[in-house]
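# Structural features, examined
So the chains spell out like this:
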Amino acid sequence: MKKYIVAFLATFLTVANAAQSAEIMFNPSALWYDVTSEGVLELWGVPEANGQALQANPDYDWPSVNTVSLWTGMLLKAQEMGLSVPVGYDPGNLDIWYIGKPR
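I will try to describe carefully the structure that is included in this document. (Residues numbered from 1 in each chain as written. Predicted model: local features only at pLDDT ≥ 70, side-chain atom pairs only at ≥ 80, totals over all residues. Heavy atoms only, no water.)

Attention now goes to the overall build of the chain. Along the chain, the regular secondary structure elements total 2 helices and 6 strands. Seen in sequence order, the chain has helices and strands lined up from the N terminus as α-β-β-β-β-α-β-β. Buried positions account for 34% of the 103 residues belonging to the chain. Long-range contacts, defined here as pairs at least 24 residues apart, represent 50% of the contacts in the chain between residues at least 6 apart. When the accessible surface of the chain is totalled, it reaches about 6,800 Å², and 59% of it is carbon and sulfur. (Helix = DSSP H or I, 4+ residues; strand = E, 2+ residues; numbered from the N terminus. Buried < 20%, exposed > 50% of the residue type's maximum accessible area, 1.4 Å probe, protein only. Contact = heavy atoms within 4.5 Å. Areas by Shrake-Rupley, 256 points an atom, 1.4 Å probe, with all protein chains shown as cover.)

See below:
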């Protein structure tokens, strides 16, 4: 019985942590983004961020420098096509988790 309780609690905590993520549609034609000289990708103008930038910093384990380059390419492609991209991020520390294909 204790195994089932522990398994239930582990599942519950995993689902609770997953609920602390957010996704927005970022329009690079209407909002501002840049890559700093340190290689940090910043997305500005997201209302949920309260005036702060969503960031992808390659100095840590995730994302890698190649991933930041890929995401920047997705933003450029979306901007050229007049589309938006889905962006997943952590609302607590505003770290970008992923940037999807233009839609």
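Enumeration over the complete set of coordinates arrives at 2 aromatic pairs. Geometrically, the ring pair formed by Trp62 and Trp71 is edge-to-face, given 5.9 Å between the ring centres and 75° between the ring planes. (Phe/Tyr/Trp six-rings, centres within 6.5 Å; stacked < 30°, edge-to-face > 60°.)

Not every positive phi belongs to a glycine, and Asn50 is a case in point at roughly 55°. Mapped onto the secondary structure, Asn50 falls in the loop between β3 (41-44) and β4 (54-56). For Asn50, a relative accessible area of 68% gives the class exposed. Despite not being glycine, Leu94 shows a phi value in the positive range, around 65°. Tracing the backbone shows Leu94 in the loop between β5 (85-89) and β6 (96-99). When its relative accessible area of 8% is taken as the criterion, Leu94 is described as buried.

Below, the discussion takes up the side chain of Thr72. By the secondary structure assignment, Thr72 is in helix α2 (residues 65-81). If near-sequence neighbours (up to four positions away) are discounted, Thr72 is found in contact with Val35 and Leu41.

This next bit is on the environment of Pro91. Mapping Pro91 onto the fold places it in the loop between β5 and β6. Considered as a pair, Pro91 and Ser21 are 70 residues apart in the sequence and their alpha carbons are 6.3 Å apart. Discounting chain neighbours no more than four positions away, the residues touching Pro91 are Gln20, Ser21 and Ala22.

Our next topic: the nonpolar core. Phe26, Leu43, Leu54, Val87 and Ile99 are the most contacted members of the largest nonpolar core, which has 20 residues in total. Contributing elements (two or more residues each) for this core: β1 (22-26), β3, β4, α2, β5 and β6. Sorting elements by how many residues they give to this core places α2 first, with 5 residues. Among residues more than four places away in sequence, those in contact with Leu43 are Phe26, Trp32, Tyr33, Gln52, Ala53, Leu54, Leu75, Val87, Ile96 and Ile99. (Core = buried A, V, L, I, M, F, W, Y, C linked by side-chain atoms within 4.5 Å.)

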